[in-house]
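# Reading the structure
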Amino acid sequence: MTELLRNFWVRIICLAIIDFVVTWWCVKLMDPDPSVSIALIILVPFVVFVNLVIALILYFKKSNLSSLFLINTIIAGILMYYLFGMGVDRYLNKRVEGWTFNIQDTTFRIDHWKLEDTYDISESTNPGSSTSFLHGKFEEKGNEYYLTTDSTVYRIKDDYLFGFRSPLDSIKLTKMER
């Protein structure tokens, strides 16, 4: 009996590895951006349904693998959800990075759009709403970043923003993580 149980777990692990590779490959091909996250409503039930159909076919063929695919429905659904989320994070990390800082009751956010080498600065006094008020060119020079417009130049170095309110100020930035 223990040999049967061990073989069963080895098969579950092998099937989970196959699920991981196939799902990761599909998500990598999709390169999902956050706007298509609603697709999880379709994708997770789809992989669960496929595994249930396979389990049902194997059950009627009197195969002992039907219970394997029945358990795999849960594993495949979790993997699809997790890997799709990781795909969205990868998409965003390739395209945008950001920092936040607070001055009095206002939260400021700096977004660096990597593909365009631009930035936006927005401010928010209420959670859930913000106003973008500055847009410009983003340049990297060594370990410093320069945020420029026609009339302003700000510098980011070692997670500090220099020159935001006055030429001599330095504001500690918090790197946004996904």
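Attention here is on the structure that accompanies the text. (Residues numbered from 1 in each chain as written. Predicted model: local features only at pLDDT ≥ 70, side-chain atom pairs only at ≥ 80, totals over all residues. Heavy atoms only, no water.)

## So, the sheet that holds strand 6 (residues 153–157)
One open sheet holds the 9 strands; their spatial order is 8-7-6-5-4-3-2-1-9, and the pairing between them is antiparallel. A single partner strand is all that each edge strand has here, and the edge strands are strand 8 (170–172) and strand 9 (174–175). The pairing of strand 1 (residues 96–103) with strand 9 spans 2 bridges and is antiparallel. Within the sheet, the bridge partner assigned to Thr100 lies in strand 9 and is Thr174. Running at roughly 75° to strand 1, helix 3 (residues 66–95) makes contact with strand 1 and strand 2 (106–113) of the sheet. (Pairing = 2+ DSSP bridges. Helix = DSSP H or I, 4+ residues; strand = E, 2+ residues; numbered from the N terminus. Contact = heavy atoms within 4.5 Å. Axes fitted to C-alpha atoms, helices over the stretch in contact; angles between N-to-C directions.)

## Quick word on the pattern of salt bridges
With the rule as written, the count across this model stands at 8 salt bridges. In this structure, Arg155 engages Glu144 in a salt bridge whose closest nitrogen and oxygen atoms are separated by 3.0 Å. Of this pair, Arg155 sits in strand 6 while Glu144 sits in strand 5 (residues 144–148); the two residues are 11 residues apart in sequence, bridging distant segments of the chain. Here Arg155 falls in the partly exposed class, since its relative accessible area comes to 25%. For the salt bridge of Lys157 with Glu144, the shortest nitrogen-to-oxygen distance reads 3.8 Å. One end of the pair, Lys157, is in strand 6; the other, Glu144, is in strand 5, and 13 residues separate them in sequence. Owing to a relative accessible area of 27%, Lys157 belongs among the partly exposed residues under this scheme. Bridged by salt links that share partners, the residues Asp31, Arg90, Lys94 and Arg95 form one connected network. (Salt bridge = Lys/Arg side-chain N within 4 Å of Asp/Glu carboxyl O. Buried < 20%, exposed > 50% of the residue type's maximum accessible area, 1.4 Å probe, protein only.)

## Quick word on the layout of surface pockets
Roughly 310 Å³ of internal volume is contained in the largest pocket. Taken together, 16 residues form the lining of the largest pocket, with Asp19, Val22, Val47, Val50 and Asn51 sitting closest to its centre. Every element with two or more residues in the lining of the largest pocket is listed here: helix 1 (2–30), helix 2 (40–60) and helix 3. Split into classes, the residues belonging to the lining of the largest pocket amount to 12 nonpolar, 3 polar and 1 charged. (1 Å grid on protein atoms, 1.4 Å probe; cavity = no way out; pocket = protein on both sides within 12 Å on 5 of 7 lines; lining within 4 Å. Points joined across faces, edges and corners; volume = space filled by probe spheres on them. Nonpolar A, V, L, I, M, F, W, Y, C, P; charged D, E, K, R; others polar.)

From the geometry alone we can't say anything about function, so treat these as descriptive.
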